[in-house]
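Observations on chain architecture
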Amino acid sequence: MDMETVKARGLVLLGCGKMGSAMLEGWLKQGLPAASVWVIDPRPSDWLMATGVQINQPLPGSPAIVLIAVKPQMMAEALPTLQGMGNGPTLFLSVAAGTTISHYEQVLGAGTPIVRAMPNTPAAIGRGITAITGNAQASEEHLALAEALLAAVGQVVRLEGEHQMDAVTAVSGSGPAYVFHLIETLAAAGEAEGLPPALALQLAKATVGGAGALAEASPETPAQLRINVTSPAGTTAAALEVLMDEETGFPPLLKKAVKAAADRGRELGK
């Protein structure tokens, strides 16, 4: 199964909000014909209407792939409408948070190939990272197809299994929010030291964005990059003494935060 199969048999996108739109934009740019795409969405955006894809039209009987990108709240009404495509050659790929593979198997049938994925919001600018895992029916071909589709919005990694999904959600799925909060609080701290708000925010955004890009591009570890910036007894060292405190700094704080997110994910999955 490859993109040619998708062109021939069609792709159904269930839900086209921010994540669905980001992916669709990537696929269309990569040459997937609009005529091969069916979108089901109760409130299609102006952007979606202008793409030329088929919106809320009768679906093909056996599309290559159904991508589920609806909000968890809408899952209950949306998913049963696709039951007829279950237990067949159609791959179901879910980017919906919190819905387990076993739930899809209950609704669609145990013979349905299912790949569950956890993307994150930097997908909107092609800088996402998505983790995927499949059920017993999902072959290597299915996983490769899911990877090819998700690569339109960033990096893709494969998990050992669904048991790792809550940890991934807590690190990369929810993680952008932690970084946005870091930018907010860094800017506020700059203001407290006497900088105008707009300047403090510009400095904080560019610093976090630039440091993240450097960490990704550099062969050195984040620990080494940190050491490179830290002169003995200098200004950076003074700040890191506070941030790296084993009792009150980042180490216990982030561990606690990520654990809270993972625990909540496990609760929601039940």
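A short tour of the structure in this document, coming up.

Criteria and cut-off values
Residues numbered from 1 in each chain as written. Predicted model: local features only at pLDDT ≥ 70, side-chain atom pairs only at ≥ 80, totals over all residues. Heavy atoms only, no water. Core = buried A, V, L, I, M, F, W, Y, C linked by side-chain atoms within 4.5 Å. Buried < 20%, exposed > 50% of the residue type's maximum accessible area, 1.4 Å probe, protein only. Helix = DSSP H or I, 4+ residues; strand = E, 2+ residues; numbered from the N terminus. Contact = heavy atoms within 4.5 Å. Patch = residues over 30% accessible without salt bridge, like charges linked within 9 Å, V, L, I, M, F, W, Y side chains within 5 Å. Areas by Shrake-Rupley, 256 points an atom, 1.4 Å probe, with all protein chains shown as cover. Salt bridge = Lys/Arg side-chain N within 4 Å of Asp/Glu carboxyl O. Lys, Arg positive; Asp, Glu negative; His and termini not counted. Charge placed at Lys NZ, Arg CZ, Asp CG, Glu CD. 1 Å grid on protein atoms, 1.4 Å probe; cavity = no way out; pocket = protein on both sides within 12 Å on 5 of 7 lines; lining within 4 Å. Points joined across faces, edges and corners; volume = space filled by probe spheres on them. Nonpolar A, V, L, I, M, F, W, Y, C, P; charged D, E, K, R; others polar.

**Here's the deal with the nonpolar core**
With 34 residues, the main nonpolar core has Leu11, Leu24, Trp27 and Leu93 as its most contacted residues. Residue assignment for this core shows that the elements contributing at least two residues are β1 (11-14), α2 (18-29), β2 (37-40), β4 (65-68), β5 (91-94), β6 (114-118) and α6 (140-150). Sorting elements by how many residues they give to this core places α6 first, with five residues. Not counting residues up to four positions away in its chain, the partners in contact with Leu93 are Ile65, Val66, Leu67, Ile68, Val115, Ala117, Ala146, Leu149 and Leu150. In this structure, Val12, Ile68, Tyr104 and Val107 belong to the second largest nonpolar core, which totals 18 residues.

**Comments concerning a negative patch on the surface**
Together, Glu241, Asp245, Glu246 and Glu247 give the surface a local cluster of negative charge. For Glu247, the location among the structural elements is in the loop between α11 (235-243) and α12 (250-269).

**Considering the environment of Val12**
Locating Val12 in the fold gives a position in strand β1. Look at Val12 and you get buried, because its relative accessible area is 0%. Taking the C-alpha atoms as reference points, Val12 and Ala110, separated by 98 residues in sequence, lie 20 Å from one another. Apart from the residues within four sequence positions on either side, Val12 is in contact with Trp38, Ile40, Leu59, Pro60, Pro63, Ile65, Val66 and Leu67.

**Digging into the layout of surface pockets**
Empty space within the largest pocket amounts to approximately 2400 Å³. Elements that contribute at least two residues to the lining of the largest pocket include exactly β7 (128-134), α7 (165-173), α8 (175-192), α9 (197-217), α10 (222-229), α11 and α12. In terms of residue count, α8 provides more of the lining of the largest pocket than any other element does, 10 residues in total. Of the residues in the lining of the largest pocket, the class split is 30 nonpolar, 13 polar and three charged. Of the voids in this model, the second largest pocket is the one considered here, and its volume is about 1200 Å³. Considering the residues around the second largest pocket, the lining is formed by 47 residues, among which Val70, Lys71, Pro72, Val95 and Ala97 are closest to the centre. Of all the elements in the fold, those that place two or more residues in the lining of the second largest pocket are α2, α4 (72-78), β6, α7, α8 and α12. Broken down by element, the lining of the second largest pocket gets its largest block of residues, six residues, from α12.

**Details of the pattern of salt bridges**
Side-chain pairs of opposite charge can arise whenever the charged atoms involved come near each other. According to the stated counting rule, one finds nine salt bridges in the structure shown. Among the ionic pairs, Glu162 bridges to Arg116, the shortest N-O distance being 2.8 Å. Residue Glu162 is located in the loop between β8 (154-158) and α7, and its partner Arg116 is located in strand β6; the two are separated by 46 residues in the primary sequence. Across the pair Asp263 and Lys259 runs a salt bridge, and its minimum N-O distance is 2.7 Å. Taken together, the residues span about one helical turn, with Asp263 and Lys259 both in helix α12 at a distance of four residues. Members of the salt-bridge network, linked through shared partners, are Glu140, Glu147 and Arg158.

**Quick look at unusual backbone geometry**
In this model, Asn87 sits at a positive phi of 55°, which is unusual for a non-glycine residue. As for its position among the elements, Asn87 is in the loop between α4 and β5. Despite not being glycine, Ala233 has its phi angle at roughly 60°, a positive value. Turning to its location among the elements, Ala233 is positioned in the loop between α10 and α11. Judged by its relative accessible area of 84%, Ala233 is exposed.

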